[in-house]
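In case you want the letters, here they are:
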Amino acid sequence: MTTTNDSDTSAAEASAAAAGHFRIGGELTVRRMGFGAMRLPAAQWDGPAHDPEQSVAVLRRAAELGVNHIDTAAFYFFEDIAANDLIRTALHPYPDDLVIATKVGPGRLPDGSWTDPAGPAELRAAVHRNLRELGRDHLDLVYLRFLRTDGPGEDRFATLAALRDEGLIRHLGVSGATPGQLAEAREIAPVAAVQNRFSPLSREHAGLVGLCAEQSIAYVPYFPFGGAGAPDLDGLRRVADRHGATPAQVTLAWLLGMSPATLVIPGTSSPDHLEENVAAAGLRLDADDLAELA
C-alpha cells in the first residue's frame, strides 16, 4: 500500500476504487473494498431485525460508492428477512461488473436453528437456493464453509467442483479452512478465494494470508473488527488520531495493507457506517503506523 500522511477519509470523497483492484480467479475484477451482507437482516442471529428499506438503501449506496463485491449466504436471515432477497430487491438487474459471493455448508432451519454440516445433496440444494433467491443463472464465487466439527470434506468440495463444471458456479473458495483443508481442496479443483477470520485481535491465519498472496488467491477476512465494533486498542486509537480517522477505518486500512490479495468486506445496515467504511479505502498507513499496529 502506498505510504502517505494524508488520509482521504471524508465521506464526501469515499470511493471503493481507492483501495485498488484484484482479479478473483484471474478474471473477475473486483475493488478490494467490498461489502458483507450478514448484518443486513438483523443485528445478531437472534435479532433484533433491521429495517429492510434501510438495508436496501445501504446496498444501493454501496453500489454508488463503487462497491462491486458483495458477500452473502442463504443462511443470512432473520425471520422473514433474508440477505439474498434484500440484494435482489436493491440491485437486480445487476450491474455487469458486480461479483456476488456466497457460502454453503452450514444450514439453518426457518426457526433459525442450525443443522449439521451439509452433505453433497444438501450442498447442491443450497447452490440452487442461492441461484433462485438472487435471481441468477450462475454464481460468481461459492465458498465451502467449514465448521469445527467438519471432517476433511473431500466429496463435499468435489460436489461444488461438479457444479462448477456444469456452469452453475464460476469460481470456488473455502471458508473457515485449515491449511490442510485448503491443500486438499486445491487437489480437487482450483481455489480462487479463502475466507477466514482475521483481525487485529485474531491473527492466527497470518501464514495463510501470505500463502494466498503468493498463489494469487484472494484472502477475504471475516469479522475484520473481531466480531463487533473496532477493537479497543491503544495502538489503533493513536494511529487513528494521527490520521484524523476512526479506529474502524484504521483496522480496514491495516487489513488492506497486509497483502495485495486481501479483500475486505465490512458489513453494516447503517448508511453512516457504510460511508465511514468505504472512506477507509483511501487511508494509507506508513511504516510507523504499521509498526505500532504490529
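Residues numbered from 1 in each chain as written. Predicted model: local features only at pLDDT ≥ 70, side-chain atom pairs only at ≥ 80, totals over all residues. Heavy atoms only, no water.

Caption draft 1: View of the overall build of the protein. What the protein contains, in helices and strands, is ten helices and eleven strands. For 294 residues, the compact-globule estimate of 2.2 N^0.38 gives 19 Å, and the protein sits close to it at 18 Å. Based on the C-alpha atoms only, the size of the protein along its principal axes is roughly 55 × 40 × 35 Å. The burial tally for the protein puts 55% of its 294 residues in the buried class. For the protein, the proportion of contacts with a sequence separation of at least 24, taken over those separated by at least 6, is 75%. (Helix = DSSP H or I, 4+ residues; strand = E, 2+ residues; numbered from the N terminus. Rg over C-alpha atoms; globule rule 2.2 N^0.38 Å. Buried < 20%, exposed > 50% of the residue type's maximum accessible area, 1.4 Å probe, protein only. Contact = heavy atoms within 4.5 Å.)

Caption draft 2: Layout of the side chain of Lys-103. By the secondary structure assignment, Lys-103 is in strand β7 (residues 99-104). At a separation of 2.5 Å, a polar atom in the side chain of Lys-103 contacts the side chain of Asp-71. A distance of 3.1 Å separates the side chain of Lys-103 from the backbone oxygen of Thr-72, its partner in a polar contact. Ignoring sequence-local partners within four residues, the contact set of Lys-103 consists of Asp-71, Thr-72, Ala-73, Phe-75, Tyr-76, Asn-130, Tyr-143, Arg-145, Ser-175 and Gln-195. (Polar contact = N/O pair within 3.5 Å; in protein donor to acceptor, adjacent residues only side chain to side chain.)

Caption draft 3: Representation of the pattern of salt bridges. Following the criterion strictly, the structure yields 13 salt bridges and no others. Between Asp-71 and Lys-103 there is a salt bridge, and its shortest N-O distance comes to 2.5 Å. Of this pair, Asp-71 sits in strand β4 (residues 69-71) while Lys-103 sits in strand β7, placing them 32 residues apart in sequence. Across the pair, exposure class does not vary: Asp-71 and Lys-103 are buried alike. (Salt bridge = Lys/Arg side-chain N within 4 Å of Asp/Glu carboxyl O.)

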